[in-house]
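# Geometric and topological summary
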Amino acid sequence: MRNERQPATLQVQQVEKSFGARKVLRDVDCVVEPGQVVSLLGHSGCGKTTLLRLIAGFERPDAGRISVAGQLVADARVFVAAEKRHIGYVPQEGALFPHLNVYDNIGFGLSKGPARKRAVEHMLELTGIAELSALMPQQLSGGQQQRVALARALAPGPRMLLLDEPFNALDAALRATICQDVMALLRRLGATVLLVTHDQHEAFVSSDRVAVMRDGRIVQFDEPARVYRQPVDVQTAQLVGSAVFFDGVLRDGVAQTALGPIAAANHCDGAAAVRVMLRHEQLRLAEPEQGRPARVTGIAFHGHYSSLTVVLEPAPQAETPPGMGGADGAQDGAAPAIEFPVRAHYPFDYRIGDRVGVRVLGPAMIYEPQA
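Reading the values: the criteria
Residues numbered from 1 in each chain as written. Predicted model: local features only at pLDDT ≥ 70, side-chain atom pairs only at ≥ 80, totals over all residues. Heavy atoms only, no water. UniProt positions renumbered as here; feature names shortened; annotations may be inferred. Helix = DSSP H or I, 4+ residues; strand = E, 2+ residues; numbered from the N terminus. Phe/Tyr/Trp six-rings, centres within 6.5 Å; stacked < 30°, edge-to-face > 60°. Buried < 20%, exposed > 50% of the residue type's maximum accessible area, 1.4 Å probe, protein only. Pairing = 2+ DSSP bridges. Axes fitted to C-alpha atoms, helices over the stretch in contact; angles between N-to-C directions. Contact = heavy atoms within 4.5 Å. Domains from an automatic or database assignment. Buried area = accessible area lost by both parts, 1.4 Å probe. Nonpolar A, V, L, I, M, F, W, Y, C, P; charged D, E, K, R; others polar.

The name that an unreviewed UniProt entry assigns to the protein is ABC transporter ATP-binding protein, with the source organism given as Candidimonas nitroreducens.

Printed below as a string of structure tokens:
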């Protein structure tokens, strides 16, 4: 529990923002505690970057309040300029000054004198780029440019750091490495960080909490594991990880599905017909007699696993509750083929046409049917 004398680094309360007739943010609430790393996760256009810009002081909210370290910085009457908020900001492309070398980019905005020299040299060592100090931005790789941008943002000793998809322009392999290195550094420093990303893996591995945004609202704000395992709705479930959905009928906390009875992980008010969500790791292949019998109809090799498309064999009529549909992708008709992917790990000894059994591990999240 936070010491009551130490205010939250960031508190956003009922913030709204429109551009013309388009409402971008709606009643946004968010709290970031000292030393926390929080990710804003969502599709492009959901309002993540706009929220970041309001916190940084680049835009003014239409309604609501924003406080930093207990100081009100924006509401209907107050607006503290960006340069007085003591917030570090790293944009998507790093935005280094092309006419300044690495050393001067990091020192930009610091008062001249011995303190500036010490701060820049400390940042060069801390971010592992001391040997680059005399180079110009155009001589740097994408990863090196992001390290310089990070060093520049950290040099003044900000209250918190805002990262606006800082690894987005990097290729996949470099992105993962740079992200891991940067977040490890920020953890060592005890920095308070708000990271904007549309990559759920990046959000999960980097953060203490994840704020899922959709249509200008934060729809879920929780620990990464809970966001993944207990998403608040179907759209959030699809955003944060691969999943398979089945139709079912809920009775006494158990969903009757084409895969058999599955315990519900949550309560679904007043719903009989439901949508049942399973993560791929909850589906296991077994011998046909040890699970729901199915047949392999497709195989895709992914390196460390294979994705098998399976079709359930018809169940006895008594096993299928009236009115039950199948998994996403099932065909319309009286007896739709229930087809879905299941991951298989080493050894990859399955072939198209093989009979298998499908087992379910653990409870499933239950949602009301979509309109």
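On to the UniProt feature "domain: ABC transporter" (unreviewed entry) in the protein, then. Mapped onto this numbering, the UniProt entry gives "domain: ABC transporter" (unreviewed entry) at residues 10–240. Structurally, residues 10–240 comprises 34% helix and 27% strand, and the distance from its first C-alpha atom to its last is 24 Å.

Glancing now at the packing of aromatic side chains. According to the stated counting rule, one finds five aromatic pairs in the structure shown. Consider the rings of phenylalanine 204 and tyrosine 228, whose centres lie 6.0 Å apart with planes at 85 degrees: the pair is edge-to-face. Taken as a pair, phenylalanine 204 in helix α6 (residues 200–206) and tyrosine 228 in helix α7 (residues 224–229) lie far apart in primary sequence, 24 residues in all. Where phenylalanine 301 meets phenylalanine 348, the ring centres are 5.5 Å apart and the plane angle is 80 degrees; that geometry is what we call edge-to-face. Linking phenylalanine 301 in strand β16 (residues 292–301) with phenylalanine 348 in the loop between β18 (339–344) and β19 (355–360), this pair joins segments that are 47 residues apart in sequence.

Cis geometry is adopted by the peptide bond preceding proline 347, which originates at tyrosine 346 and carries an omega value of 0 degrees. On the secondary structure map, proline 347 appears in the loop between β18 and β19. In this model, aspartate 215 sits at a positive phi of 55 degrees, which is unusual for a non-glycine residue. Residue class for aspartate 215 comes out exposed when judged on its relative accessible area of 58%. Here the phi dihedral of aspartate 252 falls at roughly 55 degrees; this positive angle occurs in a residue that is not glycine. Inspection of the secondary structure assignment puts aspartate 252 in the loop between β11 (243–251) and β12 (254–257).

Our focus in this paragraph is the sheet that holds strand β2 (residues 22–32). The strand order across the open sheet formed by four strands is β2-β1-β4-β5, and the pairing between neighbours is antiparallel. Across the chains shown, the open sheet's two edge strands, defined by having one partner strand only, are β2 and β5 (71–74). Put simply, the sheet's adjacent strands are angled 30 degrees from each other on average, direction ignored. Of the strand pairs in this sheet, strand β4 (residues 63–68) and β5 are connected by three bridges, and their pairing is antiparallel. If you follow isoleucine 66 over to β5, its bridge partner there is alanine 74. On the sheet, helix α1 (residues 48–56) packs against β1 (10–19), β2 and β4 and is oriented at approximately 115 degrees with respect to β1.

What follows deals with the domain arrangement of the protein. Domain boundaries assigned for the protein yield domain 1 (10–235) and domain 2 (245–314 + 337–367). Between the C-alpha centres of domain 1 and domain 2 there is a distance of 39 Å. Between domain 1 and domain 2, the contact holds seven residues from the first and six residues from the second. Taken over both partners, the interface formed by domain 1 and domain 2 buries close to 570 Å², and the fraction arising from carbon and sulfur atoms is 61%. Here the side of domain 1 that touches domain 2 is composed, by residue class, of four nonpolar, one polar and two charged.

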